[in-house]
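Residue-level listing of the chains:
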Amino acid sequence: MVWLSSELMFFAGLFAMYFTIRSVAHPLWADRTSHLNVPYAAVNTAILVISSVWCQLGVFKAEAGIPSRTGKLLQPGLWGMREWYVLTYIFGALFVSGQMMEYSNLFAEGISLNSDSYGSMFYLTTGFHALHVTGGLIAFLLIIGRTFTSRNYTHHQATGAIVTSYYWHFVDVVWVALFATIYLLQ
C-alpha cells in the first residue's frame, strides 16, 4: 500500500505538469486535441476497465483457494484464478496494443514527444501509464506461472494474486482519470 501511495504521488505530479503546461499553452491544446480519436480511446478504456472485472473474479477464486479451473474451458463459472488472470492479461495486452496504434496515428499527424508541449505531456502521461500497465502484465505472468510450479495453492500465493490485483485496479483508476483529463476535458 505504501508503494501504491508513492505511485499515486508520481501520477499526481504528472497531472500537475499536464494542467500547468495546459494553462500556459491553451491555444496549442485547442488545436492538438482535435487530433484525438475519442471514440477509439473510449473503447480502449472500456477494454481496460473490463479487465479489472476479470481480475476481481480471479481474486475471488484466489481467496477461495481455487488456482485453476475445475471444469471445462468453456465453463467460466468453473474457472479458477489462472483462467481469469489469463483473460485479464489478454485484455491488458489489447489495451497497450491499442495505445501503440494510437501513438502511431498521432505520430503520423505530427504529434510526437518532441513536437511541442502538448506532445510532450500527452506521451509522458500516457506513456508512463502504458509502462505501468506493462509492469502489471509481467506481474500477472509471474502469478499465473506460480500456479503451474507449485503442488499446493497456499495462502501466500493467494496473497500475491490479491496484491497484484490492487496494483491492476490502481492502474485502471489512473487511466480513467487520464482519459477524462486528456480526452474529455479538451
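Computed from a predicted model, the values in this text were never measured in an experiment.

A word on the nonpolar core. The nonpolar side chains of soluble globular proteins are, as a tendency, buried together. With 43 residues, the main nonpolar core has Tyr85, Tyr118, Phe122, Ile182 and Tyr183 as its most contacted residues. When sequence neighbours within four positions are dropped, the list of residues in contact with Ile182 reads Tyr18, Leu36, Tyr118, Phe122, Thr125 and Thr126.

This paragraph deals with the packing of helix H3 (residues 38–63) against helix H6 (residues 155–184). Relative to each other, H3 and H6 sit at 160 degrees, their axes nearing to 9 Å. If you check the angle between H3 and H6, you find them roughly antiparallel. As H3 runs across H6, the sense of the crossing is left-handed. Here the contact of H3 with H6 is composed, by residue class, of 17 nonpolar, 6 polar and 2 charged.

What follows concerns helix H1 (residues 2–24). If you check H1, its first and last C-alpha atoms are 34 Å apart, about what 23 residues at 1.5 Å a residue would give, namely 33 Å. Listed in full, the buried residues belonging to H1 are Leu4, Glu7, Phe11, Leu14, Phe15, Tyr18 and Arg22. Contacts from the buried residues of H1 go to helix H2 (26–32), helix H5 (117–149) and H6.

Thresholds, definitions, all that
Residues numbered from 1 in each chain as written. Predicted model: local features only at pLDDT ≥ 70, side-chain atom pairs only at ≥ 80, totals over all residues. Heavy atoms only, no water. Core = buried A, V, L, I, M, F, W, Y, C linked by side-chain atoms within 4.5 Å. Buried < 20%, exposed > 50% of the residue type's maximum accessible area, 1.4 Å probe, protein only. Contact = heavy atoms within 4.5 Å. Axes fitted to C-alpha atoms, helices over the stretch in contact; angles between N-to-C directions. Helix = DSSP H or I, 4+ residues; strand = E, 2+ residues; numbered from the N terminus. Parallel < 35°, antiparallel > 145°, perpendicular 65-115°, else oblique. Left-handed = near helix turned anticlockwise from the far one by under 90°. Nonpolar A, V, L, I, M, F, W, Y, C, P; charged D, E, K, R; others polar. Expected span 1.5 Å × (residues − 1).

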